[in-house]
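Working through the structure, step by step
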Amino acid sequence: MDITQVPAAGFEDVRRAVDPGSGLVAYIAVHDTTLGPALGGLRMWPYPDPGQGLSDVLRLAEGMTYKNAVARTGLGGGKAVIVGDPARDKSTALFHAMGRFVDAFAGRYITAEDVGTCVEDMRLLGAATPHVTGLPLEEGSSGDPSPHTALGVYLGIRATLAELTGSDSVRGRRVAIQGLGAVGAGVGRLLAAQGATLVVADLEPDRVERFLREAGGRAVAPEEVLAADCDVLSPCALGGVIRDETLPRLRCRAVAGAANNQLAEARHGVELARRGILYAPDFVINAGGVINIAVGLGPGGYDPERARRRVESVPEALREVYSEARSRGISTHESALRLARRNLEAGRRPAAARERRA
Ligand code: NAI
């Protein structure tokens, strides 16, 4: 396997691996390990060219630094991508090679599932490196992060309603959910159990039917859900949903969902604020999954009760973000970035002091 360094300003360590034997073409980006080893999932996606895989891994790794910093997980930010089609290109040899690539970082990067990869892939990868998480609970790992992400998003929606209306009750509130996958359906079930009125959409009709049978609500076409008249729009599908073309169609009072990178660009966060729509920054509200993983990596190993208590801190972080955005007159996205940078700075100070003493 050929591993080469990729220069990337602002990143600690970015490398490309090419392994002709298994067909692996992959990138790992370690953005920042000030607060601990870099944690971020492994994405497998048929990028039309490797350069797009590189820009994706950089953007996602940086996002993980901010998510971990705000959630105080004691972890840094990193990410990995395999350039390939998850439906066609998976093999045992490919994931063994990827495991060796992860291992080359000697624990400074820890991997897990992401879009296009699953538990079985992590098992294969784990044959070549111990630096993998997201394996089943019965194997001593922290299990599926999705229910924890869903709980954090649900609690975050309540904190967002409290900021808007003074009450965190979801009873009778209208919430539109885009995407009924592992997280979106979980958020929907928690909301329905507390009396929220749901409007839902998914590209897969089976998922919609199953959800309506279990939790109730009204289905709309996927292209209509962003324009639903509601209190909270909860994007739980893919990123980039808040952009120039979608902004004028929004009829919600708040945006609060699980998807990563909901804003196409940071300026769309400012535009939401200008339109009076409260935005729950994605990397703050969707941190339940990494919080759960961090508990599994911490002293004493995984404990579901401790994980649950830690996920319950998501609304606290959001309240801090909202309060600073209000007092400084900045967007909530900007305010969340400021909180992340403050936590990083606080982590840097003891390290700098140690170096000065040495
Ligand atoms: P998933 O793959 O289980 O579900 C995504 C769902 O969205 C699928 O049912 C898909 O059919 C649907 N979908 C895709 N495009 C759509 C569209 N245009 N309109 C309506 N539905 C659409 O994924 P999962 O795990 O539920 O994650 C959802 C989002 O949350 C992703 O963006 C993911 O990156 C993010 N996230 C997930 C975490 C986790 O713990 N699973 C943690 C943090 C973020």
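Attention now goes to the pairing of strand S8 (residues 174-178). The element S8 is largely enclosed, with a buried count of 4 among its 5 residues. Where S8 meets strand S9 (residues 197-201), 5 bridges bridge the pair, whose relative direction is parallel. Of the residues in S9, the one forming a bridge with isoleucine 177 is valine 200. Considered for its hand, the β-α-β crossover made up of S8, helix H5 (residues 182-193) and S9 is right-handed. By the bridge criterion, 4 bridges tie S8 to strand S11 (residues 232-235) in an arrangement that is parallel. From the neighbouring strand, isoleucine 177 faces S11, where its bridge partner is serine 234.

Glancing now at the sheet that holds S11. Spatial ordering of the open sheet is given by S10-S9-S8-S11-S12-S13, a layout of 6 strands whose pairing is parallel. Looking at the sheet topology across the chains shown, the edges are occupied by strand S10 (218-219) and strand S13 (278-279). Pairing between S9 and S10: 2 bridges, direction parallel. Considered in S10, the bridge of valine 200 is made with alanine 219.

Before going further, it helps to examine the site of the ligand. Taken together, 21 residues are adjacent to the ligand, and Thr149, Val183, Asp202, Arg207 and Ala237 come closest. Between the ligand and leucine 203 there is a distance of 3.5 Å, counted from a nitrogen atom to a backbone nitrogen or oxygen. Coverage of the ligand by the protein amounts to 76% of the 830 Å² it exposes when considered alone. Broken down by secondary-structure element, the contributors of at least two residues to the shell around the ligand are helix H4 (146-165) and H5. In the shell around the ligand, the residues fall into 10 nonpolar, 7 polar and 4 charged.

Looking now at the domain arrangement of the protein chain. Segmenting the protein chain into domains produces domain 1 (2-139) and domain 2 (146-287 + 314-337). Computed from C-alpha atoms alone, the centre-to-centre distance between domain 1 and domain 2 is 28 Å. Around 740 Å² of area is buried between domain 1 and domain 2 when both sides are counted, 61% of it from carbon and sulfur atoms. Its largest share of buried area at the contact with domain 2, domain 1 owes to Tyr66, Lys67 and Val70, together 61% of the area lost on that side. Viewed at the interface, domain 2 and domain 1 are joined by 0 salt bridges. Here domain 1 and domain 2 share 2 residue pairs in polar contact (both at pLDDT 80 or more) between them.

A few words on helix H11 (residues 314-328). Over its 15 residues, H11 extends 21 Å from the first C-alpha to the last, a length consistent with the 21 Å expected when each residue adds 1.5 Å. Residues Val314, Pro315, Ala317, Leu318, Val321, Tyr322, Glu324 and Ala325 constitute the buried set of H11. Glycine 329 sits one or two residues past H11 and shows a positive phi near 65°.

To continue, consider the nonpolar core. With 56 residues, the main nonpolar core has Ile157, Ile177, Leu191, Leu198 and Val284 as its most contacted residues. Looking at this core, the element that brings in the most residues is H4, giving 8 residues. Residue-level mapping places this core at the junction of two domains, with at least three residues from each of domain 1 (2-139) and domain 2 (146-287 + 314-337). Setting aside its immediate chain neighbours within four residues, isoleucine 157 contacts Val187, Leu191, Val232, Ser234, Ala256 and Ile285. Leu24, Phe95, Leu125 and Val132 belong to the second-largest nonpolar core, a separate cluster that totals 23 residues.

In this section: the packing of H4 against H5. At a closest axis distance of 8 Å, the pairing of H4 and H5 adopts a crossing angle of 50°. By the angle between their directions, the pair H4 and H5 is classed as oblique. The chirality of how H4 crosses H5 is right-handed. Packed against H4, whose contacting residues are Ser146, Thr149, Ala150, Leu151, Val153, Tyr154 and Ile157, the element H5 presents Ala182, Val183, Gly186, Val187, Leu190 and Leu191 at the interface. Among the residues making up the contact of H4 with H5, the classes are represented as 10 nonpolar, 3 polar and no charged.

This part covers the packing of aromatic side chains. Evaluation of the coordinates by the stated rule reveals 3 aromatic pairs. With centroids separated by 6.1 Å and ring planes inclined at 45°, the aromatic side chains of tyrosine 66 and phenylalanine 283 adopt a geometry described as tilted. On the criterion of sequence distance, the pair formed by tyrosine 66 in helix H1 (residues 50-71) and phenylalanine 283 in helix H8 (residues 282-285) is long-range, its members being 217 residues apart. As far as burial versus exposure is concerned, tyrosine 66 and phenylalanine 283 are alike and both buried. An aromatic cluster is built from Phe101, Phe105 and Tyr109, whose rings are joined through pairwise contacts. The ring of phenylalanine 105 has arginine 15 lying over it, and the distance from NZ or CZ to the ring centre is 4.0 Å.

Of the two faces of S11, the one carrying Val232 and Ser234 and the one carrying Leu233 and Pro235 are both buried. One ladder, built from 2 bridges, connects S11 with strand S12 (residues 254-255); its direction is parallel. Counted as the bridge partner of leucine 233 is valine 255 from S12.

Analysis parameters
- Residues numbered from 1 in each chain as written.
- Predicted model: local features only at pLDDT ≥ 70, side-chain atom pairs only at ≥ 80, totals over all residues.
- Heavy atoms only, no water.
- Buried < 20%, exposed > 50% of the residue type's maximum accessible area, 1.4 Å probe, protein only.
- Helix = DSSP H or I, 4+ residues; strand = E, 2+ residues; numbered from the N terminus.
- Pairing = 2+ DSSP bridges.
- Right-handed = clockwise from strand over helix to strand, strands pointing away.
- Near = heavy atom within 4 Å.
- Polar contact = N/O pair within 3.5 Å; in protein donor to acceptor, adjacent residues only side chain to side chain.
- Areas by Shrake-Rupley, 256 points an atom, 1.4 Å probe, with all protein chains shown as cover.
- Nonpolar A, V, L, I, M, F, W, Y, C, P; charged D, E, K, R; others polar.
- Domains from an automatic or database assignment.
- Buried area = accessible area lost by both parts, 1.4 Å probe.
- Salt bridge = Lys/Arg side-chain N within 4 Å of Asp/Glu carboxyl O.
- Expected span 1.5 Å × (residues − 1).
- Core = buried A, V, L, I, M, F, W, Y, C linked by side-chain atoms within 4.5 Å.
- Contact = heavy atoms within 4.5 Å.
- Axes fitted to C-alpha atoms, helices over the stretch in contact; angles between N-to-C directions.
- Parallel < 35°, antiparallel > 145°, perpendicular 65-115°, else oblique.
- Left-handed = near helix turned anticlockwise from the far one by under 90°.
- Phe/Tyr/Trp six-rings, centres within 6.5 Å; stacked < 30°, edge-to-face > 60°.
- Lys NZ or Arg CZ within 6 Å of the ring centre and 35° of its normal.

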